[in-house]
Amino acid sequence: MSRELGRQAVRFLLVGGLNVAVSYGIFILLCLVVAPWIAYTAGYLAGLVLVAAMTPHFVFGTRTSWRRMVAFVGVYVVVYLVGRLIVALVDPAGLVELLLTSGILLAVTVPLSFLAGRLLFLRPRHRLRRVDS
């Protein structure tokens, strides 16, 4: 792994950690009073605002256009739909199931989000490079 890729991954994890604290905190708290899909949607929207504001510059060190930001939001809508499917399949009812669902959501959505950000915000020569043996 290149040094720059490693630094991007660390910055992505920092932004992601903040995103998790905000979005999953909202998800778990709201699940106590509303349907899980509504709680997931509210948490996801809060997280989307956060990552859209921080990802291009802080994570990937680039400026972006409105067109790329719209594409980024579009990717996050697809990731959201994947998450909604997971929530529907698990249908969490208690705290243990909510925590399990959160773990599954993270394991699936984090890699998808990182790869999408790299593809959208970096010029082709800065994307993942093949390592020759």
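Residues numbered from 1 in each chain as written. Predicted model: local features only at pLDDT ≥ 70, side-chain atom pairs only at ≥ 80, totals over all residues. Heavy atoms only, no water.

Check the secondary structure of the protein and you find four helices and zero strands. When the helices and strands of the protein are read in sequence order from the N terminus, they spell out α-α-α-α. A compact globule built from 133 residues should have a C-alpha radius of gyration of about 14 Å, and the protein, at 16 Å, falls within 12% of that. Based on the C-alpha atoms only, the size of the protein along its principal axes is roughly 45 × 35 × 20 Å. Taken together, the 13 basic and 4 acidic charged side chains of the protein have centroids lying 19 Å from each other. (Helix = DSSP H or I, 4+ residues; strand = E, 2+ residues; numbered from the N terminus. Rg over C-alpha atoms; globule rule 2.2 N^0.38 Å. Lys, Arg positive; Asp, Glu negative; His and termini not counted. Charge placed at Lys NZ, Arg CZ, Asp CG, Glu CD.)

Before going further, it helps to examine the environment of Leu98. Within the fold, Leu98 resides in helix α4 (residues 95-121). With a relative accessible area of 4%, Leu98 lands in the buried category. Sequence separation between Leu98 and Ala71 is 27 residues, and the spatial gap between their C-alpha atoms is 30 Å. In this structure, Leu98 is in contact with Phe27, Cys31 and Pro92, ignoring residues within four places of it in sequence. (Buried < 20%, exposed > 50% of the residue type's maximum accessible area, 1.4 Å probe, protein only. Contact = heavy atoms within 4.5 Å.)

A word on the pattern of salt bridges. Under the defined criterion, the tally for this structure stands at two salt bridges. Arg7 is the salt-bridge partner of Glu4, the closest N and O atoms lying 3.3 Å from each other. With a gap of three residues between them, Glu4 and Arg7 both fall in helix α1 (residues 3-31), about one helical turn apart. Given the relative accessible area of 44%, Arg7 is considered partly exposed. Where Glu4 meets Arg11, a salt bridge forms, and the shortest distance between an N and an O atom there is 3.2 Å. Put simply, Glu4, Arg7 and Arg11 are held in one network by salt bridges that share partners. (Salt bridge = Lys/Arg side-chain N within 4 Å of Asp/Glu carboxyl O.)

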